[in-house]
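In case you want the letters, here they are:
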Amino acid sequence: MSDAGVRFPFSAVVGQDRLKLALILSAVSPGIGGVLIRGEKGTAKSTIVRGLAPLLGEDSRVVDLPIGATEDRVIGSLDLTRVLRDGEARFTPGLLAQADGGVLYIDEVNLLSDHLVDVLLDAAASGRVTVERDGVSHTQAAAFVLVGTMNPEEGELRPQLLDRFGLVVDVAGARDVDERVEIVTSRLAFDADPQGYAERFADAEADLAQRIAAARDRVATVRIPQRELRRIAGVCSHLDVDGLRGDIVVARTAAAHAAWRGADEIDADDVRVAVELALPHRRRRNPFDESSMTDQQLDDALDAGEQAAGPRDESESGPQQPDGPDDSGPNSDGPDSGGPDSGGPEPDDDPDGPDTDPPDTDPPGGSGAPTGPDFGSAPGGARIRTFRAEGVGDGDVGRRSRARTSRGITTRAVDFGPRTGVHLFGTVLAAAHRSSGDGLPALIADDLRGAERIGTEANLVVFVVDLSGSMTARARLTAVRNACVDLLRDSYTRRDRVAVVVACGRDAYVAVPPTRSVDLAVARLAQVRTGGRTPLAEGLHRALEVIERARRTDPERRPLLVALTDGRATAGADAPRRADAAADEVARRGVCAVVVDCEQGLVRLGLAADLARRLGAQYATMDSLTSSGLAEHVRGVA
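Caption draft 1: Looking closely at helix H20 (residues 575–588). With 14 residues, H20 should reach 20 Å at 1.5 Å per residue; the first-to-last C-alpha distance of 20 Å fits that figure. Of all the residues in H20, the buried ones are Ala575, Ala579, Ala582, Ala583, Glu585 and Val586. End-on, the buried residues of H20 take up no more than an arc of 155°, which puts them together on one face. Those residues of H20 that are buried lie in contact with helix H19 (536–553), strand S17 (559–565) and helix H21 (607–615). Where H20 terminates, the next one or two residues include Gly590, which has phi positive at roughly 75°.

And the structure:
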């Protein structure tokens, strides 16, 4: 084997024991539903996943699914060439069939279209994929270990999809100096002589593969006593896990862990390991909830499970079978370990958020007044509904504005190209136009017509948030907090990129640069102080700078500017005139905008409405930010 085909041995990886255990358990019992790996760049995620395939059998391999893959490429499709040339309906298998018996690996799964993620998860759970389309019914084997990786800073999975992954593991780079040195040393040794390095771990790899195969054979016979089922139900009930998928996955994972350690029956230790891997991410109620679980929360849940399990009935499962090796990792000594240490490059440090100048004045309200909005708390109002960019765009698939996409409703036949599917009726009609009256001629390449499909795209939503002194009275602060979190949640569910510009004090600054991670936006906003004057002109100029920079790297993504302000401009010389000029510039550049008027009280100046008129923006009051209000005010953003 050439060095190019040698993979870093799974058993040689330093650290990341929990990740390796999760992958092994998913390989032992594919019905668990796969593993989602969340973490920083350079934490050996890909190295570990690619090292697993050789342990699953001689013909096993890792099949990569690109995030830009089409549905036909994933599930398979008719061979159009054979149909047009020979009149034969032959089915071409997709990536799911190619991954049968191995590992299907999706890097940045959070960027994959949701309907493809659903298909993948269904196939991973059932072991088969069925295609019913174009008059053809086809079923193919697709028994694979599904592994997805993601960097949470690039955007989260929707909770519904997150719940479909059986196990979730959060990984981070090593902080211990000795461990970091060991990781770098092992990586350099592998790079210098891949073949020789792999041969050093050949025996360990063979032993690990044999253990996985034995656990696979054993798992179907592992007993799950009624007492342990009650324990699992008690834990899930205590954690308020929705539905029963969590109970089922925990039971399957516990059985796989028991089989991995050579036992014939699951016990409380197996349940604990399963709960740690399968339940923390199922506790989220909205996109801003933490998806992890503290040791105290875990212990409390297990105590509740112990109470639900009740006293042990020795007659329930008969005499205990002797356990196999009392370890849970490839080379470890306890159920909490997962295997040999892992190696790989370390992550780059994530830069902290921008420093800010202190505000000109403290927020009113005395010592009891909040220093900044509690953006992480649950919103008080109803959820925001749709506001869209006007017209039809060509951006990435999302859920906000109308756009020409590779999926969606077919509207008409257009010229055939690499980004269009085949419009069958248009193609046949084009051939018919060449007919001399003697029936339909044979199809040629020039007859092909593409299908224009209209779906929805994601946008860049830039929030300009006025947190000046005029906005920080307690009631106003609460209203602005709720509105901002509601709007951020709306952007999250529509797969937008979001950026946040904060205007307060002497200047405005970019608190959150464009990101898909709304969690990151909320975390950064939680650190923002309020007070001082209102640099409205500076806020609008900063927003334009963000939009122009993003346009250079992603020209197809249309921007939306959402300003939460009372419309006052008080910072700097000639502030109102400069704010008007900035608004005129935004309108001149054709940026779609919404102004949310945060002014409250009996006497209102109406400055936010004036700002909306200058921007050519839709206007909404705080009171209209409800499921009915904003939808009525902002059907399409001019």
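Caption draft 2: How the structure looks around the sheet that holds S17. Reading across the sheet, the 6 strands line up as S16-S15-S14-S17-S18-S19 and stay open at both edges, with mixed pairing between neighbours. The strands lining the two open edges of the sheet, one partner per strand, are strand S16 (507–515) and strand S19 (618–621). Across the sheet, the mean angle separating the axes of adjacent strands is 15° when strand polarity is ignored. Seen against the sheet, H19 touches strand S14 (460–466), strand S15 (497–504), S16 and S17 and runs at an angle of roughly 30° to S16. Packed on one face of the sheet, H21 meets S17, strand S18 (592–597) and S19 and runs near 175° to S18.

Caption draft 3: Structural detail: the environment of Leu116. As for its position among the elements, Leu116 is in helix H6 (residues 114–126). For Leu116, a relative accessible area of 1% corresponds to the buried category. When sequence neighbours within four positions are dropped, the list of residues in contact with Leu116 reads Ala69, Glu71 and Val74.

Caption draft 4: Quick look at helix H14 (residues 295–309). An ideal rise of 1.5 Å per residue puts 21 Å on 15 residues; H14 measures up with 21 Å between its terminal C-alpha atoms. Restricting attention to buried positions, one finds in H14 the residues Leu298, Ala301, Leu302, Ala304, Gly305, Ala308 and Ala309. Down the axis, H14 shows its buried residues gathered within 155° of arc, on one side only. Away from the buried face of H14 by more than 90 degrees, exposed residues Asp295, Gln296 and Gln307 are located. In this structure, the buried residues of H14 make contact with helix H11 (226–238) and helix H13 (268–278). Where H14 ends, the next residue or the one after it, Gly310, has phi of about 75°, a positive value.

Caption draft 5: Local environment of the side chain of Glu228. When you line up the elements, Glu228 lands in helix H11. A relative accessible area of 3% places Glu228 in the buried class.

Caption draft 6: Focus on the sheet that holds strand S1 (residues 35–39). With parallel pairing, 5 strands are arranged side by side in an open sheet as S2-S5-S8-S1-S9. In the strand order of this sheet, the two ends are held by strand S2 (62–64) and strand S9 (167–171), each with one partner. The mean angle between the axes of side-by-side strands here comes to 20°, regardless of whether they run parallel or antiparallel. The strands touched by helix H1 (residues 17–28) are S1, strand S8 (145–150) and S9; relative to S9, the strand with the most contacts, the crossing angle is about 160°. The strands touched by helix H2 (residues 45–52) are S1, S2, strand S5 (103–107), S8 and S9; relative to S5, the strand with the most contacts, the crossing angle is about 165°.

Caption draft 7: The arrangement of the packing of H19 against H20 in detail. Where H19 contacts H20, the two axes come as close as 8 Å, and the packing angle between them is 25°. Overall, the two elements H19 and H20 adopt an arrangement that is roughly parallel. Like other packed secondary-structure pairs, H19 and H20 cross with a definite hand, here left-handed. Counted together, Leu536, Ala537, Glu538, Leu540, His541 and Leu544 of H19 and Arg578, Ala579, Ala582, Ala583, Glu585 and Val586 of H20 form the full contact between these two elements. Across the contact of H19 with H20, the residue classes tally to 8 nonpolar, 1 polar and 3 charged.

Caption draft 8: How the structure looks around the nonpolar core. Core analysis: the biggest nonpolar cluster contains 68 residues, and Leu23 and Val103 have the highest contact counts within it. In terms of residue count, the dominant contributor to this core is helix H12 (residues 245–260) (9 residues). Once residues within four sequence positions are removed from consideration, Leu23 is found in contact with Phe10, Val35, Ile48, Val49, Leu52 and Val147. With 31 residues, the next largest nonpolar core counts Ala499, Val586, Ala593 and Leu615 among its residues.

Quick notes on the rules
- Residues numbered from 1 in each chain as written.
- Predicted model: local features only at pLDDT ≥ 70, side-chain atom pairs only at ≥ 80, totals over all residues.
- Heavy atoms only, no water.
- Helix = DSSP H or I, 4+ residues; strand = E, 2+ residues; numbered from the N terminus.
- Expected span 1.5 Å × (residues − 1).
- Buried < 20%, exposed > 50% of the residue type's maximum accessible area, 1.4 Å probe, protein only.
- Arc of directions from axis to C-beta.
- Contact = heavy atoms within 4.5 Å.
- Pairing = 2+ DSSP bridges.
- Axes fitted to C-alpha atoms, helices over the stretch in contact; angles between N-to-C directions.
- Parallel < 35°, antiparallel > 145°, perpendicular 65-115°, else oblique.
- Left-handed = near helix turned anticlockwise from the far one by under 90°.
- Nonpolar A, V, L, I, M, F, W, Y, C, P; charged D, E, K, R; others polar.
- Core = buried A, V, L, I, M, F, W, Y, C linked by side-chain atoms within 4.5 Å.

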